Amino acid sequence: MNVIRALVAALAVCLTLMPLAAGAVTAEFHDRAVAELRDALRTETAWVRVHAAEALLRNGLPEGVEAVFLPEAETSAPKHRIGVWRVLAQAQRDPELRERYVERIRAAFLDLDGPDRLHAAETLGKLGDARRSTALLLAATASDVPLGAYARLILANTGAVEDTEYLAALLGSYDEDVRNTAAYALRFAPRMDERTLARVREAALAEPGDSPARLNLLIAWLAHAEDTDRNASTELLKPYAESSDTSARYQFGEAMALRGDAEEVPLLLRLLDDADADVRISAANALLAVERR
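Conventions used here
- Residues numbered from 1 in each chain as written.
- Predicted model: local features only at pLDDT ≥ 70, side-chain atom pairs only at ≥ 80, totals over all residues.
- Heavy atoms only, no water.
- Helix = DSSP H or I, 4+ residues; strand = E, 2+ residues; numbered from the N terminus.
- Rg over C-alpha atoms; globule rule 2.2 N^0.38 Å.
- Buried < 20%, exposed > 50% of the residue type's maximum accessible area, 1.4 Å probe, protein only.
- Contact = heavy atoms within 4.5 Å.
- Areas by Shrake-Rupley, 256 points an atom, 1.4 Å probe, with all protein chains shown as cover.
- Lys, Arg positive; Asp, Glu negative; His and termini not counted.
- Charge placed at Lys NZ, Arg CZ, Asp CG, Glu CD.
- 1 Å grid on protein atoms, 1.4 Å probe; cavity = no way out; pocket = protein on both sides within 12 Å on 5 of 7 lines; lining within 4 Å.
- Points joined across faces, edges and corners; volume = space filled by probe spheres on them.
- Nonpolar A, V, L, I, M, F, W, Y, C, P; charged D, E, K, R; others polar.
- Salt bridge = Lys/Arg side-chain N within 4 Å of Asp/Glu carboxyl O.
- Patch = residues over 30% accessible without salt bridge, like charges linked within 9 Å, V, L, I, M, F, W, Y side chains within 5 Å.
- Axes fitted to C-alpha atoms, helices over the stretch in contact; angles between N-to-C directions.
- Parallel < 35°, antiparallel > 145°, perpendicular 65-115°, else oblique.
- Left-handed = near helix turned anticlockwise from the far one by under 90°.

Would you explain the overall build of the chain in this entry?
A tally of regular secondary structure across the chain gives 17 helices and zero strands. A compact globule built from 293 residues should have a C-alpha radius of gyration of about 19 Å, and the chain, at 21 Å, falls within 12% of that. Reported as C-alpha extents along the three principal axes, the dimensions of the chain are approximately 80 × 45 × 30 Å. When the 293 residues of the chain are sorted by exposure, 53% land in the buried category. Long-range contacts, defined as pairs at least 24 residues apart, comprise 60% of the intrachain contacts of the chain with a sequence gap of at least 6. Accessible surface, the chain: about 13900 Å² in total, of which carbon and sulfur atoms supply 55%. One finds the centroid of the 34 positive side-chain charges in the chain at a distance of 2 Å from the centroid of its 46 negative side-chain charges.

Structure below.
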């Protein structure tokens, strides 16, 4: 009887641990992730709420998002208004309504002396906008400021690999801000050929461990890596989940939303209990993305 009881107890422990060990996104984990995003949409402000709204939209949970941001469309201060318009653009099912918000963001970018031109360029790149203009082409030639990287991302949104290579050329910059912005922007490029991917991988491995650009290079590598190479970049990213730096933990969640799988679920569950709301949002987004995959 003692042996039977021991076996039953051992089986119970195994069943309890199985979802975590196997990395399954259970119904309980799904509900926790959604609740975290809903709560952040209701209680957070500024960019944290923008991140929560985008996570809900990306995971097919649009209810209530537009209603929260619509009152801010005309009243938000520069820089934050770009985030508001970005959310509202993504919330639209009608392409014409979406274009109205994208056009506002373009206007902010085309305002050469505008207060949120850099934010507008970043957002256009993330939204996949590829409309060219003289102002965009001129901005793309600026290799000494972060704006040039985002302008090149917009060019790359056409899907032309040579434009992605043009963006990757900024990885050779001696300016850390430019190099870091280019590394960040590369994760959003729609296409990357083998030569450019090799350049990103080599740059990631060569970048000093304490450089902010290293994290963004690793994420760009992960975003475009072949399935057979995914584990190599992921293993190098995992220590960032335990970082004392809030931004690093947040970016780890963003990376796992792109290409994470069942193996990373235990780490994401830990981040779902993080003290920082933005980190919890990125973990919730990643868990739901893993579930969908």
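There's more to say after this.
What is the right way to read the layout of surface pockets from this model?
With a probe scaled to a water molecule rolled over the atoms, the places where space remains empty come into view. Here the largest pocket defines a volume of roughly 450 Å³. Lining the largest pocket are 20 residues; nearest its centre among them are His51, Arg86, Glu122, Lys126 and Tyr184. No other element matches helix α3 (residues 46-58), which puts five residues into the lining of the largest pocket. In terms of residue class, the lining of the largest pocket is built from seven nonpolar, six polar and seven charged. When its volume is computed, the second largest pocket comes out at roughly 380 Å³. Where the lining of the second largest pocket is concerned, the elements lending two or more residues are α3, α5 (80-91), α7 (117-127), α15 (246-259) and α17 (277-292). A breakdown of the residues in the lining of the second largest pocket according to their chemical character gives five nonpolar, five polar and nine charged.

Any chance you could explain the pattern of salt bridges here in plain terms?
Side-chain pairs of opposite charge can arise where the charged atoms are in close proximity. For the structure on display, the rule yields 26 salt bridges. In this structure, Arg179 and Glu207 form a salt bridge, with 3.2 Å as the shortest nitrogen-oxygen distance. Note that Arg179 is positioned in helix α11 (residues 176-186) and Glu207 in the loop between α12 (194-206) and α13 (212-224), a separation of 28 residues in sequence. Salt bridges sharing partners connect three or more residues here, namely Glu99, Glu103, Arg106, Asp129 and Arg131.

It is not clear to me how a negative patch on the surface should be interpreted in this structure. Could you clarify?
Together, Asp144, Asp175, Glu176, Asp177 and Asp210 give the surface a local cluster of negative charge. Positionally, Asp210 belongs in the loop between α12 and α13. For Asp210, a relative accessible area of 72% gives the class exposed.

Could you clarify how one ought to interpret unusual backbone geometry in this entry?
Outside of glycine, negative phi angles account for most residues, and trans bonds account for most peptide bonds. Located in the positive-phi region is Ala46, a residue other than glycine, with phi close to 50 degrees. Checked against the element boundaries, Ala46 lands in helix α3. On the accessibility criterion, Ala46 (35% relative accessible area) is partly exposed. Positioned with a positive phi, Lys79 is a non-glycine residue whose angle comes to about 80 degrees. Relative to the elements of secondary structure, Lys79 occurs in the loop between α4 (65-69) and α5. A relative accessible area of 40% means that Lys79 is categorised as partly exposed.

Would you mind going over the packing of helix α10 (residues 161-168) against α12 with me for this structure?
Helix-helix packing is characterised by the crossing angle of the two axes and by the distance between the axes. Axis separation between α10 and α12 bottoms out at 9 Å; the angle between their running directions is 20 degrees. Between α10 and α12, the crossing angle belongs to the class labelled roughly parallel. Note on packing geometry: the crossing formed by α10 with α12 is left-handed. Counted together, Thr164, Glu165 and Ala168 of α10 and Arg195, Thr196 and Arg199 of α12 form the full contact between these two elements.

Looking at this structure, I do not really get the packing of α5 against α7. What am I missing?
At their nearest, the axes of α5 and α7 sit 10 Å apart, and the two run at 15 degrees to each other. Judged by the inter-axis angle, α5 sits roughly parallel to α7. Between α5 and α7 the crossing geometry is right-handed. Contact residues: Ile82, Arg86, Ala89 and Gln90 in α5; His119, Ala120, Thr123, Lys126 and Leu127 in α7.

In this structure, what is going on with α10? I would like to understand it.
Spacing of three or four residues puts side chains on the same side of an α-helix, whose turn is 3.6 residues. Counting buried positions over the eight residues of α10 gives six, a clear majority of the element. By the burial criterion, the buried members of α10 are Val161, Asp163, Thr164, Glu165, Leu167 and Ala168. Buried-residue contacts for α10 involve α9 (146-156), α11 and α12.

That's the geometry; what it means functionally is another story.
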